[in-house]
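So the chains spell out like this:
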Amino acid sequence: MNKIQTLIHRRADERRRAAQACVSRILQCAKGRGIDISVVGSLAKGRFRVHSDIDLLVHGRTDPARRAMVEHLVADHLRGMDIPYDLIFASDISPERVQELLNDCV
């Protein structure tokens, strides 16, 4: 591995650890509020890289107040982290797509 590859690998590792720590806090806070969230995508699959984002699947009902609460909770925890994220609300997609996302997680 050359110096550039080593640097990229180290930065990806640091970014992955930071993302995992933030997601852990998000999941704990969400659980305390009765919100069920699953981590999907590259972070769940162990393929989180330097330019990856965090993908979160929100289960359950999504009335406007609950949706806003989830959006604020996630934004507050990731503010200043310079890691983009996607919130996927299960009620917005088909049950088949929800299952695909969950099955794709290791």
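The residue numbering used here restarts from 1 in each chain and proceeds along that chain's sequence as written. Thresholds applied to this predicted model are a pLDDT of at least 70 for local features of residues and 80 or more for the giving and counting of side-chain atom pairs; totals over whole chains, interfaces and linings are not thresholded and use all residues. Side-chain metrics rest on all non-hydrogen atoms present in the structure, leaving aside hydrogens and water.

(A) Summary view of the overall build of the protein chain. Regarding its fold elements, the protein chain presents four helices and three strands. Seen in sequence order, the protein chain has helices and strands lined up from the N terminus as α-β-α-β-α-β-α. Over its C-alpha atoms, taken along the principal directions, the protein chain stretches across nearly 50 × 30 × 20 Å. Think of it in three bands: with a 1.4 Å probe and only protein chains considered, a residue is buried below 20% of the maximum accessible area for its type, exposed above 50%, and partly exposed in between. Across the 106 residues of the protein chain, 32% fall into the buried class. Between two residues, a contact is recorded if the distance between any of their heavy atoms is within 4.5 Å. Within the protein chain, contacts between residues separated by at least 24 positions form 62% of all contacts whose residues are at least 6 apart in sequence. In these tables, accessible area is a Shrake-Rupley quantity obtained with a 1.4 Å probe, and a residue counts as shielded only by the protein chains included in the view. Accessible surface, the protein chain: about 6700 Å² in total, of which carbon and sulfur atoms supply 51%. Numbered from the N terminus, helices here are DSSP runs of H or I no shorter than four residues, and strands are runs of E no shorter than two.

(B) Geometry of the sheet that holds strand E2 (residues 54-58). On the basis of which strands lie adjacent, the open sheet formed by three strands has the order E1-E2-E3 and mixed pairing. Strand pairing shows two members of the sheet lacking a second neighbour, strand E1 (37-40) and strand E3 (85-89), which therefore form its edges. Going from strand to strand, the sheet's axes swing by 25° on average, the running direction of each strand aside. One requirement defines pairing of two strands: DSSP has to find at least two bridges between them. In this sheet, E3 lies alongside E2 in parallel orientation, the contact comprising five bridges. Bridge assignment links Val58 to a residue of E3, and that residue is Phe89. Contacting E2 and E3, helix H3 (residues 64-78) crosses the sheet at an angle of about 160° to E3. Fitting a line to C-alpha atoms yields each axis, with helices limited to the stretch in contact; the angle taken between N-to-C directions then spans 0 to 180 degrees.

(C) How the structure looks around the pattern of salt bridges. Any Lys or Arg side-chain nitrogen found within 4 Å of a carboxyl oxygen on Asp or Glu counts as a salt bridge. All told, the structure shown has seven salt bridges when counted by the stated rule. Between Asp13 and Arg16 there is a salt bridge whose closest N-O contact spans 2.5 Å. With Asp13 and Arg16 both in helix H1 (residues 3-32) and three residues apart, the pair spans about one turn of that helix. Among the residues examined, Asp13 registers a relative accessible area of 26% and is labelled partly exposed. For Asp92, the salt bridge is made with Arg67, and the minimal N-O distance between the two is 3.0 Å. On the criterion of sequence distance, the pair formed by Asp92 in the loop between E3 and helix H4 (95-103) and Arg67 in helix H3 is long-range, its members being 25 residues apart. Taken together, the shared-partner salt bridges in this structure form one network comprising Asp13, Arg16 and Arg17.

(D) Highlighting H1. In a helix, the anticipated span is given by 1.5 Å times the number of residues less one. Here H1 contains 30 residues, and its C-alpha end-to-end distance of 44 Å stays within 8% of the 44 Å for a straight helix at 1.5 Å per residue. Of the residues making up H1, those classed as buried are Ala12, Arg15, Ala19, Cys22, Val23, Ile26 and Ala30. With its phi angle positive at about 75°, Gly34 sits one or two positions after the end of H1.

(E) Region of the structure containing the packing of H1 against H3. Closest axis-to-axis distance for the H1/H3 pair is 10 Å, and the angle between their directions is 150°. As for the relative orientation of H1 and H3, their crossing is right-handed in sense. Facing Cys22, Arg25, Ile26, Cys29 and Ala30 of H1, the residues of H3 in contact are Leu73, Val74, His77 and Leu78. Residue polarity follows a fixed list, in which Ala, Val, Leu, Ile, Met, Phe, Trp, Tyr, Cys and Pro are nonpolar, Asp, Glu, Lys and Arg are charged, and the others, Gly among them, are polar. Taken together, the residues of the contact of H1 with H3 sort by class into seven nonpolar, one polar and one charged. In a left-handed crossing the near helix is turned counterclockwise from the far helix by less than a right angle, and in a right-handed crossing that turn is clockwise.

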